[in-house]
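Residue-level structural notes
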Amino acid sequence: MLKKLTDAFGVSGCEKEIRNLIKEEVKNFGDVYIDKLGNLIVHKKGKGKRVMLAAHMDEVGFIVTSIKDDGKIKFAPVGGIDSRILVSKRVVFGRTKIKGVIGYKPIHLQSEVEKNKAVDIKELFIDIGATSKEEALKYVKIGDYATFESEYVDMGRYIKAKALDDRVGCAILIDVLKENYNLDLYCVFTVQEEVGLRGATVAAYSIEPEIGLVIEGTTCADFVKDEKDFITQTGKGPAISVMDSSSIVNERLFKRIIKVAEYYKIPYQLRRGTVGGNDAGAIHKSKVGCITASISVPTRYIHSPISMINKDDYENTLKLVKRVLESLEKEEL
Amino acid sequence: MEILKKLVSIYGPSGREDMVAEFIIDNIKDYVDEIQKDVLGNVIAIKKGKGKNKIMLASHMDQIGFMVNFIDENGFLRFSNVGGINPYSLLFKRVVFKNGVEGIIAKEQKADIKELSMKDLFIDIGVGNKEEASKKVQVGDFAVLKSDFKDLGDVLVGPAFDDRLGCYILIELVKNIKDTDNDVYFVFTTQEEVGLRGAKVAAYKIQPDLAIVVDVTSTGDTPNCNKMVVKLGEGAAIKIMDRGFIVHPKVKDLLVSIAEEYNIKYQFEILDLGTTDAAEIHVSKAGVPTGVVSIPTRYIHSDSEMVSKKDIEAAINLLIKVLEKAFNL
């Protein structure tokens, strides 16, 4: 499932392919509908609390801004992308599946200053092998989206693939949907998280959840010099958020999640540091407010062609999410 | 003043305002018709009048603070700021956790003082190792600045006047307004310092006809400071604009006309940096005519903020008259 999900195309604002794929997977699990912004919502009606589970479908990528006379394609990033990782990377366009490579001048032609600083994204272009604007226009139009061309690889204990942020969350939601809970459960595959939590904003508005739970693939830097800067670590279980730039987790729900993890002996870690934000930022402030928390799979190298997760972390996150839902069925917060 | 002194001593960083909320509820519940806590922890107290206008008054309960990210082998704590904090204002300041554990913020000795950032700072709670530290403090725990309340005569000094002073003023209003033509919703909001979050959902729920936020603002009256017209002791500040908000002209006129009618000292405020709950409230749903009455405050977000008693008194007098009056917007 994760292979299918991560191989699929779905840059923010252009989530059709990934949405269709997920829709096919979940069609028998509840009432399935797509809202005006493109969120895919699966409603499993029930008598219990109204719970919204959210994972975003969209991934970071590129959008074509102009095509030069020599057939080179200029682009802008969609979502937060580090320009240092882009040079010589392979990309693929969503609409036509045309492949290209991100070009930049070779080291021989770079000045000493250029060698020592990050390249400006504006100096980069996508080369699809076209030699003129006319030729390029046969395959690519202004406004077309591209993402990294990258394949899912099973490494044994680890998985590497693009877009694990947040297809890993999507995979967990699909697995959760296979179960039945005594909850009025909405599983929402949101759009446009990477550009500003936009899908989640309108989904939460229409659903009016009592409890929101965001499932993410979150920053993991468990290889930098100083352990205090790791944010999360792979292999140490799901990361439970306390606070990030978009929300402070509801204390009661936070404590409940910890209690559940400890009761079932599921390894967990707290997400350290407050950088970054996710759909919880939009959900908890919706209308009259919503009790909201985030549980994440630690993911190395997010927003790049290859991100990496530990399989045990995936399994433990799934287990924890299921157990938390069971606990919400049974016991008031 | 006893209530204000207590208010500024209660632990209540953004997202962890429960103890402040309980104190406020205890102090006002006998004076209001209805009181509730909403999903994000806002305390909403309603005092019913003749129902002419539905007025929302808002002050935030939360204060800036720190969240522990990491405990090192020797028991030193690394932290993130909760709300906007200048790292220089933290050097060698005392902090306190919810459970009463105290510590000192210090800097890595070799860190460059000219480029000081939160990453260079740590909290020392006086233990020898990680294990001992973990008995007192966990990753994810929040702390606040600790200092005491002092009455210096004309002015008061203490922590968290931003915005416990607003909360204090609202409590005074709850207790002192008599017959009012208006239904008044006193809202003690959460998470202002991290993004005006409580006020957003409270305004959505209440849908007021008029909102007035009571918060602190900076001053331009200290040596070699940024230019700003607001001065300590020159009266309640009626906000004209800040980064996120422009006062509704009718609300401004209302505040000014009442201040002049009753001879209450006021000044205008234009704030270059920062904003308040008003920024979220005035764009709630179909819009809410909103104003802000600010208390001029020196050294905001430090452990020793300074305010003038006269300004507090002026703000209370002004707001009592506004609430009691039957006006047409």
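The rules behind the values
Residues numbered from 1 in each chain as written. Chains lettered and ligands numbered in written order. Predicted model: local features only at pLDDT ≥ 70, side-chain atom pairs only at ≥ 80, totals over all residues. Helix = DSSP H or I, 4+ residues; strand = E, 2+ residues; numbered from the N terminus. Rg over C-alpha atoms; globule rule 2.2 N^0.38 Å. Contact = placed C-beta atoms within 7 Å. Domains from an automatic or database assignment. Nonpolar A, V, L, I, M, F, W, Y, C, P; charged D, E, K, R; others polar. UniProt positions renumbered as here; feature names shortened; annotations may be inferred. Buried ≥ 20, exposed ≤ 12 C-beta atoms within 10 Å, placed from the backbone. Core = buried A, V, L, I, M, F, W, Y, C linked by C-beta atoms within 7 Å. Pairing = 2+ DSSP bridges. Axes fitted to C-alpha atoms, helices over the stretch in contact; angles between N-to-C directions. Parallel < 35°, antiparallel > 145°, perpendicular 65-115°, else oblique. Left-handed = near helix turned anticlockwise from the far one by under 90°.

Per an unreviewed UniProt entry, chain B goes by the name Endoglucanase and belongs to Caloramator fervidus.

1. Looking at the overall build of chain B
The helix and strand tally for chain B stands at eight helices and 18 strands. Its C-alpha atoms give chain B a radius of gyration of 20 Å, near enough to 20 Å, the size a compact globule of 329 residues would have. Of the contacts made within chain B by residues no fewer than 6 positions apart, 75% connect residues no fewer than 24 positions apart.

2. Topic: the overall build of chain A
Broken down by element type, chain A carries nine helices and 17 strands. Rg of the C-alpha trace for chain A: 20 Å, near the compact-globule value of 20 Å for 333 residues, within the 12% margin. Referenced to the eigenvectors of the C-alpha coordinate spread, the extents of chain A come out at roughly 65 × 45 × 40 Å. Sequence-distant contacts, at least 24 apart, represent 77% of the contacts inside chain A between residues at least 6 apart.

3. Here's the deal with the domain arrangement of chain A
Residues and elements named next belong to chain A. In terms of domains, chain A is made up of domain 1 (2–59 + 162–330) and domain 2 (61–148). Here the C-alpha centre of domain 2 lies 31 Å away from the C-alpha centre of domain 1. In this assembly, 13 residues from domain 1 lie in contact with twelve residues from domain 2. Each residue belonging to the side of domain 1 that touches domain 2 can be placed in one class, and the counts come to five nonpolar, four polar and four charged.

4. Observations concerning the domain arrangement of chain B
Residue and element names in this part refer to chain B. According to the domain assignment, chain B consists of domain 1 (2–63 + 159–324) and domain 2 (65–145). Relative placement of domain 1 and domain 2: their C-alpha centres are 31 Å apart. Opposite the eleven residues of domain 1 that make contact, domain 2 presents 13 residues. For the side of domain 1 that touches domain 2, the residue count by class is four nonpolar, four polar and three charged.

5. As for the interface of chain A and chain B
Across the boundary between the two partners, chain A contributes 15 residues, which contact 22 residues of chain B. When the residues that make up the side of chain A that touches chain B are grouped by side-chain class, the tally is seven nonpolar, three polar and five charged.

6. Describing the UniProt feature "active site" (unreviewed entry) in chain B
Residues and elements named next belong to chain B. The UniProt record annotates "active site" (unreviewed entry) at Glu192. Among the secondary structure elements, Glu192 is positioned in the loop between β12 (183–189) and α5 (197–206). A residue is classified by how many C-beta atoms lie within 10 Å of it, and Glu192, with 29 of them, is buried. If we ignore the near neighbours within four places in the chain, the residues touching Glu192 are His60, Asp62, Asp163, Gly198, Ala199 and Asp277.

7. A look at the nonpolar core
Core analysis: the largest hydrophobic core is formed by 175 residues, its most contacted members being Leu53 of chain A together with Leu57, Ala315 and Leu318 of chain B. With nine residues, helix α4 (residues 161–176) of chain B is the single largest residue contributor to this core. Not counting the four nearest positions on each side in its chain, Leu318 of chain B is found in contact with Ala236, Leu255, Ile258, Ala259, Ile264, Tyr266 and Val293 of chain B. Judged by nonpolar contacts, the second largest core, of 24 residues, contains Val11, Phe125, Ile126 and Phe148 of chain A.

8. What to know about the pairing of strand β16 (residues 291–300) of chain A
Residues and elements named next belong to chain A. Burial analysis of β16 places ten of its ten residues in the buried class, the great majority of the element. Burial of β16 is two-sided: the residues Ile291, Ala293, Ile295, Val297 and Thr299 facing one way and the residues Thr292, Ser294, Ser296, Pro298 and Arg300 facing the other way are all buried. Pairing between strand β13 (residues 211–220) and β16: ten bridges, direction parallel. Residue pairing for β16: Val214 is matched across the bridge by Ser294.

9. A look at the UniProt feature "binding site: Zn(2+) 1" (unreviewed entry) in chain B
Residue and element names in this part refer to chain B. As recorded in UniProt, the feature "binding site: Zn(2+) 1" (unreviewed entry) lies at His60, Asp162 and Asp215. In terms of the greatest pairwise C-alpha distance, the residues named above, spread along 156 residues, form a tight cluster of at most 8.1 Å across. Looking at where His60 falls in the secondary structure, it is placed in strand β3 (residues 54–60). By C-beta crowding, His60 is classed as buried, having 31 other C-beta atoms within 10 Å. When near neighbours in sequence (up to four residues on either side) are disregarded, His60 contacts Asp163, Gly166, Thr189, Glu192, Gly198, Asp215 and Asp277. Residue placement: Asp215 occurs in strand β13 (residues 210–217). Among the residues examined, Asp215 registers 27 C-beta atoms within 10 Å and is labelled buried. Setting aside residues up to four positions removed in sequence, Asp215 forms contacts with Ser59, His60, Asp163, Gly166, Thr276, Asp277, Val292 and Ser294.

10. Re the packing of helix α2 (residues 16–26) of chain A against helix α5 (residues 164–177) of chain A
All names here are of chain A. Remark: α2 packs on α5, axes separated minimally by 10 Å, with the N-to-C direction vectors making an angle of 20 degrees. As the angle between them shows, α2 and α5 are arranged roughly parallel. Considering the relative orientation of α2 and α5, their crossing is right-handed. For the pair α2 and α5, the contacting residues are Ile22, Glu25 and Val26 in the first and Cys170, Ile174 and Leu177 in the second.

11. Observations concerning the environment of Ile64 of chain B
Residue and element names in this part refer to chain B. By the element assignment, Ile64 lies in the loop between β3 and β4 (65–71). Considering only alpha carbons, one finds Ile64 and Val82, 18 residues apart in sequence, at a separation of 5.6 Å. In contact with Ile64, other than residues within four places in its own chain, are Pro13, Val82, Gly83, Ile85, Glu193 and His301.

12. Focus on unusual backbone geometry
Residue and element names in this part refer to chain A. Asp165 connects to Asp166 through a cis peptide bond whose omega is 15 degrees. The residue Asp166 is located in helix α5 in this model. At Lys287, a residue that is not glycine, the phi angle is positive and equals roughly 45 degrees. Among the structural elements, Lys287 can be located in the loop between α8 (280–283) and β16.

13. Let's talk about the pairing of β3 of chain B
All names here are of chain B. Of all seven residues that make up β3, six are buried, and the element is covered over most of its length. With seven bridges connecting them, β3 and β12 associate as parallel partners. Opposite Lys54, over in β12, you have Asp183 as the bridge partner. As paired strands, β3 and β13 are joined by four bridges and run parallel to one another. By the bridge assignment, Ala58 is partnered in β13 with Val213.

14. Concerning the environment of Ala136 of chain A
Tracing the backbone through its elements, the reader meets Ala136 of chain A in helix α4 (residues 133–137). Leave out the neighbours within four places in its chain, and Ala136 of chain A touches Ile67, Gly71, Ile73, Ile128 and Ala130 of chain A.

15. Details of the packing of helix α7 (residues 251–263) of chain A against helix α9 (residues 311–330) of chain A
All names here are of chain A. Between α7 and α9, whose axes approach to 9 Å, the crossing angle comes to 115 degrees. With respect to their mutual orientation, α7 and α9 come out roughly perpendicular. The element α7 and its partner α9 pack so that their crossing is right-handed. Residues Arg256, Ile257, Val260 and Ala261 of α7 form the contact with α9, whose participating residues are Leu320, Arg323, Val324 and Ser327.

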